[in-house]
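So you can see what is in the structure, the chains are spelled out below.
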Amino acid sequence: MKERTINMNERYNFNISLSVLNHLGRNLYRNLITVIGEAISNAWDADAENVYIEIDRDNNAMSIIDDGMGMSGDDFQNKFLKIGYSKRKGGAYRSPAGRPYIGRKGIGKLALLSCAKRIHILSSLDGNELVGGVIDNSELDKAITDDLNSQDYMLEPVDETLERKFGSRSKGTMLYFESITEGILNTVEYIKKAIALYFRFSLYDNSFCIYVNGEKVDESFLKEFAMETQFLWKINNFNDPTYRLMEETQVFTNIPSKMEIKGFIASVKKPSNLKIRGTQEKVTIDLFVNGRLREKDILRHIPTARIVENYVYGQVHFDLLDDAGSKDIFTSNRESIVADDPQFLEFLQEFERIFKIIIEEWDDYRRRHGDDGDPDNPKVTRKARKAQELFNTTLKEMEGSGTVIKRGTKVDNWVQELSQEAQFNIPSYTECFISENLLRRYIQDTGMTLTREAQKEAQKWREREGASKNAANISYEVRTSNDDIYYLDMDHLANLVDKPLDKNKDAGIGRSAIVYKPIRDAVGHTSIISNTAKTQLTIVFENIKARLMELLVSLNEASAKDE
């Protein structure tokens, strides 16, 4: 066998096919907001103070220019064009100006490089030399099909006319997107609003400004949501510039957390207030890390199936998910977080605790301010909740189209007290109405004859009603029936139907009606009754109700036999 030798003189290196770009997710980035977000993030990491975005819908083009540190030729080749290059190499976590880096894996730039037919990149580090190139995606697709290696594909030179767009800036980077792949479907106003919603560091840091078609993006673009905000919960006393726009907000409160979580959760007046005008989207509760959106609609991780979910939006910030020593927990498309990460799960557990507090308080606040609350909250009985809803609806109709009773006034305090009392009085009146009319129908159906005492009582009330009608000059009938039975209350009705032979020993509605009458009369006269009377009325009515049901069941059974 021939003796083998080892060639120690040759050196080999990885040779990456351009097709790896597709495997990394080159075609995942089609959302224009995602593309703009990557450019904004790069500008932030480059210590830019301003980002200028120009949207040209007529020509299906867009330019993004920043005044950050810019790039040299070496930077452009070995950093920007190096897919996978990370600014955090060597343990760097912050920019030279001290900003926490947003970029991490170095593949987010694929969003920039694949969203248009041609992408022009121009940059300057010192104001003297402009470097850059043009990525023609049709040519890049051909190179991928031909299975070219990365070093065999050369960018086109930048058209010199683009230098005028760059202007006289001493440093910075310009991206020009020609023939955006799916077109610019969003309106410019929506793009401004989306930037204000999803790139919060531009609202929190005065040294970083974003302009879209010459207009600075600030909290004013969120005014439509702020103006419809009814209640607001701060987390760890977080301050947000949108608070000053919340003129109609009725409650501001704080929820402390031992974790380094901050942010706010707000509730709007109607679910439709969450809709982003002109789109099918709505604002949600979103998770931000170092000022950038990382997880949209985090409530989907802790579904509660409670109605409050349809009313809330907000921003929750948890920067520890991307601190200097943490591992990378963001998914490849950079738009969400790895679901089973322990730190993320710990965050979700704490967020769930916070949101449970909001669920409970939201119901209280809504009912207190005259709106329907959470029907699934068991601490308020269905009868009490429906009674309060009827009270609130009636009060709003009394006020008309405007709000007559101002919050925090003396009259408002009276209304709040009555609202609480209505939870008892309105169901109590309804119980009286149902039970007494069922007894009347029972008496009529069984052919009972009224006693002389009952007839005398009915005549007394008929005469009083007649005198009142004459005084009011009313000639029409007030009641649908003028039969004696409709002038009798529970006391006389019960003694007709279920009078005990021995009122000290035998059970019967007649015994309960004696206790029931004075409290029933107070309710019927819209008086506010004492807590003792409430307790007594509840106990007595439970007895009347149980006995009445027995009588009605017996009547049904007897009717069934006759048939």
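Not measured: the values here are computed from a predicted model.

(A) Spatial organisation of the sheet that holds strand E7 (residues 215–216). Across the sheet, seven strands lie side by side as E4-E3-E5-E2-E1-E6-E7; this open sheet has mixed pairing. Only two strands of the sheet have a single neighbouring strand rather than two, namely strand E4 (130–136) and E7. As defined by bridge partners, strand E3 (residues 116–124) adjoins E4 across seven bridges and the pair is classed as antiparallel. Counted as the bridge partner of Ile 119 is Ile 135 from E4. Packing of helix H7 (residues 188–198) onto the sheet brings it into contact with strand E1 (50–56), strand E6 (209–212) and E7, and relative to E6 it is tilted by some 170°.

(B) Molecular detail of the packing of helix H11 (residues 382–399) against helix H12 (residues 410–446). Interaxial distance between H11 and H12 falls to 8 Å at its minimum, and their mutual angle equals 120°. In this view, H11 runs oblique relative to H12, as classed from their interaxial angle. Crossing geometry of H11 relative to H12 is assigned as right-handed. In contact with Lys 383, Ala 384, Ala 387, Gln 388, Leu 390, Phe 391, Asn 392 and Leu 395 of H11, H12 contributes Val 415, Leu 418, Ser 419, Gln 420, Ala 422, Gln 423, Ile 426, Pro 427 and Glu 431. In terms of residue class, the contact of H11 with H12 is built from 10 nonpolar, five polar and two charged.

(C) Just the sheet that holds strand E11 (residues 285–289), in detail. The six strands lie next to each other as E9-E8-E10-E13-E11-E12, forming an open sheet whose pairing is mixed. The two strands at the open ends of the sheet, each matched to only one other strand, are strand E9 (251–255) and strand E12 (292–295). Shown here is a sheet whose adjacent strand axes are inclined to one another by a mean of 25°, direction ignored. Where E11 meets strand E13 (residues 312–317), four bridges bridge the pair, whose relative direction is parallel. Residue pairing for E13: Asp 286 is matched across the bridge by Gln 315. Together, strand E8 (229–235), E9, strand E10 (262–268), E11, E12 and E13 form the strand contacts of helix H10 (residues 342–368), whose direction differs from that of E8 by roughly 145°.

Basis of the calculations
Residue positions are given per chain, counted from 1 along the sequence in the order it is written. Totals for whole chains, interfaces and linings use every residue, but because this is a predicted model, local features are given only for residues with pLDDT of at least 70 and side-chain atom pairs only at 80 or more, for both listing and counting. Side-chain metrics in this entry use all non-hydrogen atoms of the structure; hydrogen atoms and water are not considered. At least two DSSP bridges between two strands are needed for those strands to be called paired. Only DSSP runs of H or I reaching four residues or more are called helices, and only runs of E reaching two or more are called strands; each is numbered from the N terminus. We call two residues in contact when some of their heavy atoms are within 4.5 Å. A fitted line through C-alpha atoms serves as each axis, taken over the contacting stretch for helices, and the angle formed by two N-to-C directions is quoted from 0 to 180°. Note on terminology: angles under 35 degrees are roughly parallel, angles over 145 are roughly antiparallel, angles of 65 to 115 are roughly perpendicular, and the others are oblique. By convention the crossing between two helices is left-handed if the near helix lies anticlockwise of the far one by an angle smaller than a right angle, and right-handed if it lies clockwise. Side-chain classes are defined by residue name, with Ala, Val, Leu, Ile, Met, Phe, Trp, Tyr, Cys and Pro counting as nonpolar, Asp, Glu, Lys and Arg as charged, and the others, Gly among them, as polar.

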